[in-house]
Structure formats: C-alpha cells, structure tokens
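# Inside the fold
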Amino acid sequence: MKYQTLSLLFLMSLLGCDSSTTTVEDVSDKVEVDSSVRPEKVKSPPEFLDPVYRPVIVNMENLQAGSSSSTRFSPQKTSANTTVTHGATLGTGQPDESVKVTWTYLKTDEQGDHYHFEKTKIDKSSQQKMMSKEIQYTGKKQLIFEDDLQRTWMSPAPVEKAEPDRN
C-alpha cells in the first residue's frame, strides 16, 4: 500500500493537481489492486538452439546386394546464411547406377532437430532428383527413405569409450 501511495504522489507531482484531483488520503480508501495481474512478458525473437541429438549416423542399406554405407557426424549450429551439407553415395546393384543421399541440418526447436534430406538417382546418362524430405529428429532410429532398392535411416551414434592411458 505504501508503494501505491508513493507512486500516486509521484504521478501527481508530474501531472500537477487541480480542484478535481482526489487527495492521497481519499484514494487510499477507494483503490483496490488485483495483485494476481502480471504484465505480459515481451516475446523476443526465437533463439537458435544448439542441436540436441549428436553425434548421429545416417545409414544407407542396399537391399539387393546387402551392402551398406554409414556416415557418422555431429550437426552444428551455423551462422546466418550458411549451410553445411553432408552426403553419401551407394551403388544400386545395377551397372553404372548409384543413389546419392544428401542432408543438411536446419535448426533445433522444442520438437527436435530439423534436417532436409534429398535422394538423387545417378546413372551415366543423367542425374535426376528422386525425392526430398524434411524431418524432425528426436534421437530415435528413424526411417528417412525406402524403396525396392535401398533404405536410409538416421539413428543415434553409439557413445565412444575413451581409451585408458597406457603409461
């Protein structure tokens, strides 16, 4: 109550008093303040968070030949207008034909780490984009692409054990 009276006195000194102004003694009896009302927090621009799930593995499996390719990487937050694209290529089992998968870490928010994936079939005559996809990775094994020839997964990388000192 003392704070309210001081605030009112300060306002009165700034604005001045006239005959229609209520005196401080009269106001203290009439003013009710709802102490549960809080000012709204001003929302600041969203902060870019560091990737939550790292390191990760992108694994491409050739379903016909039984071969596979794994790439281990740790996504990193980049500066504005900068992207880092990773990629892996695996043969399809057909002569002069392969599939290239590229991926780019986009951002991290409350839902997880966001990536953009592209899958391109490459043969000796041309390069044609087959498909692209944006995913939200939450730290669990996740299927990215699957067709008759190949399957692409993203999964958490196993934790590397530190080697003991041998001195």
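Note: the structure precedes this text.
Computed from a prediction, not measured in an experiment: that's the story for all the values here. (Residues numbered from 1 in each chain as written. Predicted model: local features only at pLDDT ≥ 70, side-chain atom pairs only at ≥ 80, totals over all residues. Heavy atoms only, no water.)

## As for the sheet that holds strand 2 (residues 68-73)
Remark on secondary structure: sheet strands pair via backbone hydrogen bonds, oriented parallel or antiparallel. Taking strand neighbours across the sheet as the criterion, the 4 strands line up as 2-1-8-7 in an open arrangement whose pairing is antiparallel. What marks the edges here is a single partner per strand, and that holds for strand 2 and strand 7 (142-146). With strand direction ignored, the average angle separating the axes of adjacent strands in the sheet is 15 degrees. Relative to strand 8 (residues 150-156), strand 7 runs antiparallel, the two sharing 4 bridges. Note that in strand 8 the partner of Gln 142 across the bridge is Met 154. (Pairing = 2+ DSSP bridges. Helix = DSSP H or I, 4+ residues; strand = E, 2+ residues; numbered from the N terminus. Axes fitted to C-alpha atoms, helices over the stretch in contact; angles between N-to-C directions.)

## Structural notes on the pairing of strand 8
Most of strand 8 sits out of view: 5 of its 7 residues are buried. Bridge count between strand 1 (residues 56-62) and strand 8: 7 bridges; the pairing is antiparallel. Looking at strand 8, one finds that Ile 57 is bridged to Ser 155. Counted between consecutive antiparallel strands, the loop separating strand 7 from strand 8 contains 3 residues. (Buried < 20%, exposed > 50% of the residue type's maximum accessible area, 1.4 Å probe, protein only.)

## Points about the pattern of salt bridges
Summed over the entire model, instances satisfying the criterion amount to 5 salt bridges. The salt bridge involving Glu 61 is made with Arg 151; its shortest N-O contact spans 3.3 Å. Linking Glu 61 in strand 1 with Arg 151 in strand 8, this pair joins segments that are 90 residues apart in sequence. Across the salt bridge formed by Arg 151 and Glu 146, the nearest N and O atoms sit 2.9 Å from each other. What emerges from the salt-bridge pattern is a single network uniting Glu 61, Glu 146 and Arg 151. (Salt bridge = Lys/Arg side-chain N within 4 Å of Asp/Glu carboxyl O.)

## With respect to the packing of aromatic side chains
Counted according to the given criterion, the structure contains 7 aromatic pairs. For the pair Phe 73 and Trp 103, a centre-to-centre distance of 5.6 Å together with 40 degrees between the ring planes defines the contact as tilted. On the criterion of sequence distance, the pair formed by Phe 73 in strand 2 and Trp 103 in strand 4 (residues 97-109) is long-range, its members being 30 residues apart. You'll find Phe 73 and Trp 103 in the same group, each marked buried. Their ring planes at 85 degrees and their centres at 6.2 Å tell us that Phe 73 and Tyr 115 sit as a pair that is edge-to-face. You can see Phe 73 sitting in strand 2 and its partner Tyr 115 sitting in strand 5 (residues 112-123), a full 42 residues away along the chain. Among the residues examined, Phe 73 registers a relative accessible area of 6% and is labelled buried. Between Lys 141 and the ring centre of Trp 153, over which it is positioned, the NZ or CZ distance is 4.3 Å. (Phe/Tyr/Trp six-rings, centres within 6.5 Å; stacked < 30°, edge-to-face > 60°. Lys NZ or Arg CZ within 6 Å of the ring centre and 35° of its normal.)

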